[in-house]
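Now for the letters of each chain:
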Amino acid sequence: MSKVTIRDIRTIFTEPDGIRLVIVKIETSEPGLYGVGCATFTQRPTAVKAALDDYLRPFLTGRNVADIEDIWQSSYVSSYWRNGPVLNNAMSGVDQALWDIKGKMAGMPVHDLFGGKAREAAAVYVHAKGADNEEVADSVRSFMAEGHHHIRVQIETPGGFATYGTGGRGSANIETSATNPDEGPRWITERIGERDPDLKYAHPGGVFEPKPYLRSTLSLFEHLRSSLGFDVELLHDVHERIPPILGVWLAKEVEQYQLFFLEDLFPPEDQEYFRMVRGQTSTPIAMGELYNNPAEITPMVKDRLLDFMRVHISQIGGLTPARKLAALCEAFAVRTAWHGPGDTSPVGHAANLALDLSASNFGIQEYSIFGERTREVFPGSPVVHDGYMWPNDKPGLGIDVDEELAAKFPFQERAYGGAWDAPRRADGSVVRP
Ligand code: GCO
Ligand code: MG
């Protein structure tokens, strides 16, 4: 084939099931040959589009689609200041689309370009949640009945406190980002808000207090292990909410429940605390979705302070840096667990899967069940059954976007452009989301 060049780079916005997704489509000089990539930064999607339309599109139009590495390196330094979620997501959309194109040109799935299948399918974990111990146990049982063997468990904190991942108040759960101002503990700023309705503090992300959260989480694990036994693999996401020393304590306390992993015990800013955890417990540690650059997680990997590397592929700039990071992890026996929440589009999940299948140090893949409409907008979305995600073995990423249908689900209006309401401590101070 003669030289194929980038003819156009377009950004597609779509929200089929309540989550704003950003897709990049690269059209080439070859009629009918194009690629798709995920650039979803759901909290700031229009900023990613501006980075693509105003900077990457003019910078890359006319470039040879074959030169993925050079395109990545030159885009990376093209702004001089680099390493942010906006620019990285824009680069990821381009990078994944170029791998998709390369696969189509070769007539091979991307996992074949990466060395071929090291496994037939990727084990996934799904999300169980509930208001109390028995409700979470029921949710785990129904996932097990569907053949799932790795299940993340999150429980609401009694007393109306906010917590992550339950879909309740202040859960920062991307499936249900709307907060509902039901009765719960009140905090000082909420009372001020009643006196001054313009005060932004009056928008409740809920009240989070570490001790009630820790008590209900430990009671959940006790309940699940005594009622379900130890065969099912259980995971949990702390979502960086608790003071570090309580994180150290939690990691020790849950050792007896034999978690598959404990996630985001600390924010990246406090990552030195992992050293303390490592010395005291063998609870497996997962970390990474908040890093912007692989270099930020390298010290953790080389000192073996984590077991599962959970970087968000579009957040670090696409498959090109992700492959290198996976190889670095392999050298230190750290397994991959690429971030796969609802705000990773099915295109991003297909990119995750290409690495899951081909990397020998794959650990687990997070999976958020795609809605019916989302599947229709993205023909070729990876299929999950028996607790595994399966490839369709089509060339490239094996997935497409139905642009006409995507346009039927435009972004919905959101207060403050979709900014998150931070949870707050009882005294009104902000807690990490
Ligand atoms: C996870 C994550 C997500 C994030 C979300 C942010 O482990 O799945 O923590 O739920 O909160 O992707 O937009
Ligand atoms: Mg997480």
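Structural notes, computed from the coordinates. (Residues numbered from 1 in each chain as written. Chains lettered and ligands numbered in written order. Predicted model: local features only at pLDDT ≥ 70, side-chain atom pairs only at ≥ 80, totals over all residues.)

### Remarks on the overall build of the protein
The helix and strand tally for the protein stands at 14 helices and 13 strands. For 433 residues, the compact-globule estimate of 2.2 N^0.38 gives 22 Å, and the protein sits close to it at 22 Å. C-alpha extents for the protein along the principal axes are approximately 65 × 50 × 40 Å. Out of the 433 residues belonging to the protein, those deemed buried represent 48%. (Helix = DSSP H or I, 4+ residues; strand = E, 2+ residues; numbered from the N terminus. Rg over C-alpha atoms; globule rule 2.2 N^0.38 Å. Buried ≥ 20, exposed ≤ 12 C-beta atoms within 10 Å, placed from the backbone.)

### Regarding helix α7 (residues 210-228)
For α7, spanning 19 residues, the distance from its first C-alpha to its last is 27 Å, which sits close to the expected 27 Å at 1.5 Å a residue. The secondary structure elements touched by the buried residues of α7 are α5 (133-145), β5 (150-155) and β6 (233-237). Positive backbone phi, approximately 80 degrees, marks Gly229, located one or two places after α7. (Expected span 1.5 Å × (residues − 1). Contact = placed C-beta atoms within 7 Å.)

### With respect to the pairing of β6
Of all five residues in β6, four are buried; the element is thus mostly enclosed. Judged from the three bridges that link them, β5 and β6 form a sheet pairing that is parallel. Bridge pairing in β6 places Arg152 opposite Leu235. Taken together, β6, helix α8 (residues 244-253) and strand β7 (residues 261-263) constitute a β-α-β crossover, and its handedness is right-handed. (Pairing = 2+ DSSP bridges. Right-handed = clockwise from strand over helix to strand, strands pointing away.)

### Some remarks on the nonpolar core
By size, the foremost hydrophobic cluster in this structure holds 107 residues, and its most contacted members are Ile23, Val94, Ile285, Leu306, Met309 and Ala354. The dominant element in this core, judged by the number of residues it contributes, is helix α3 (residues 85-106), at eight residues. When near neighbours in sequence (up to four residues on either side) are disregarded, Ala354 contacts Val110, His111, Phe114, Leu319 and Leu397. (Core = buried A, V, L, I, M, F, W, Y, C linked by C-beta atoms within 7 Å.)

### So, the environment of Gly116
Topologically, Gly116 is positioned in the loop between α4 (110-113) and β4 (122-130). By C-beta crowding, Gly116 is classed as exposed, having 11 other C-beta atoms within 10 Å.

### Examining α8
Taken together, the buried positions of α8 are occupied by Gly247, Val248, Leu250 and Ala251. Around the axis of α8, the buried residues are gathered within 165 degrees of arc, so they sit on the same side. Contacts from the buried residues of α8 go to α7, β7 and α9 (273-278). (Arc of directions from axis to C-beta.)

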